[in-house]
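Tertiary structure, described
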Amino acid sequence: MRYLPGQAQQLPGNRNALANYQATHFRFDVDQGVATVTLNRPERKNPLTFDSYAELRDLFRALAYADDVKALVITGAGENFCSGGDVHDIIGPLTQLDMPGLLAFTRMTGDLVKAMRACPQIVIAAVDGICAGAGAILALASDLRLGTARSKTAFLFARVGLAGCDMGACALLPRVIGQGRAAELLYTGRSMSGTEAERWGFFNSISEPETLLAQAQAMARALADGPTFAHGMTKKMLQQEWNMGVDEAIEAEAQAQAICMATNDFHRAYHAFVAKQTPQFEGD
């Protein structure tokens, strides 16, 4: 099922505007170029369903063409981030599917991570409380993560008889916290406290629960006010250079930086520096 076509405002040049997009399976708001996705089933600790997976995938795909969203925060309603796949709406039905059906599902969930990694906007996860299973993957797939001391992050696939290699976890997690620590979490499925997650580099910082979302949105707004074309290029190269040798990466960065040097933002920064002013970036 596709949700966004017909709901996003189409603009010339295969661009779109998402500020007026009305999400069906979560909350979606845009303010001053910063979008906030709020998983909104607090009575169940914000689990994902087949429909919310699909809508999130399509939203992140649409963000690749969005003119009015410069950065994005993903969070959960109430005091939890996301408890993973809904036991009744996802886990139960999965036990009834044949192999082609199961593969279609796992490919769809992986497509959500691919879309998050491919969109040019910086994605910030604001994580409080439970962050488990697929919820932990949503945080992992984000570019930056802010947490709280009381948060509990668990890649608990092994606890339900599944492999830790889910939605890219075996590729992403070792790059964030290191191979040995990632292996421990993926084999045991144990929870990682917020302070441990910050010490291991999973969280960029720890906030108080009552200020977490505001701090994440402030960080997103600062990024949105920056050279967003260049930020998108940095994100793309961080992703692509995983599969490159050093010489190949240096050449790729030479080409990427040359493109950024041709942008108006680069010229704005120069002229502002000469005039001893703060540059006003516009993302072009």
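Before reading on, note that the structure itself is shown above.
Structure report, in brief. (Residues numbered from 1 in each chain as written. Predicted model: local features only at pLDDT ≥ 70, side-chain atom pairs only at ≥ 80, totals over all residues. Heavy atoms only, no water.)

So, the side chain of threonine 153
Within the element layout of this structure, threonine 153 appears in strand β9 (residues 152-154). For threonine 153, a relative accessible area of 0% translates into the label buried. What threonine 153 contacts, discounting residues up to four positions off in sequence, is Cys131, Ala136, Arg190, Ser191, Met192, Phe202 and Phe203. (Helix = DSSP H or I, 4+ residues; strand = E, 2+ residues; numbered from the N terminus. Buried < 20%, exposed > 50% of the residue type's maximum accessible area, 1.4 Å probe, protein only. Contact = heavy atoms within 4.5 Å.)

Considering the nonpolar core
In this structure, Phe60, Phe155 and Phe202 are the most contacted members of the largest nonpolar core, which totals 55 residues. Setting aside anything within four residues of it in sequence, one finds phenylalanine 60 in contact with Leu72, Leu112, Ala115, Met116, Cys119 and Val123. If you look at the next biggest cluster of nonpolar residues, it comprises twelve residues, including Val73, Ala126, Leu146 and Ala224. (Core = buried A, V, L, I, M, F, W, Y, C linked by side-chain atoms within 4.5 Å.)

Describing the sheet that holds strand β11 (residues 205-207)
Pairing within the open sheet is mixed, and its six strands lie in the order β3-β4-β5-β6-β8-β11. Only two strands of the sheet have a single partner each, and these edge strands are β3 (27-31) and β11. Geometrically, the sheet is characterised by an average inter-axis angle of 20° between neighbouring strands, direction not taken into account. Across six bridges, the pairing between strand β4 (residues 34-39) and strand β5 (residues 71-76) is parallel. In the strand pairing of β5, valine 34 is matched with alanine 71. (Pairing = 2+ DSSP bridges. Axes fitted to C-alpha atoms, helices over the stretch in contact; angles between N-to-C directions.)

Topic: the layout of surface pockets
Each pocket or cavity is described by its volume, and for the largest pocket that value is around 770 Å³. Lining the largest pocket are 29 residues, with Ile91, Leu94, Phe157, Val160 and Leu162 positioned closest to its centre. Among the elements that line the lining of the largest pocket, the one with the most residues is helix α3 (residues 99-118), at five residues. For the lining of the largest pocket, the per-class residue count stands at 18 nonpolar, seven polar and four charged. (1 Å grid on protein atoms, 1.4 Å probe; cavity = no way out; pocket = protein on both sides within 12 Å on 5 of 7 lines; lining within 4 Å. Points joined across faces, edges and corners; volume = space filled by probe spheres on them. Nonpolar A, V, L, I, M, F, W, Y, C, P; charged D, E, K, R; others polar.)

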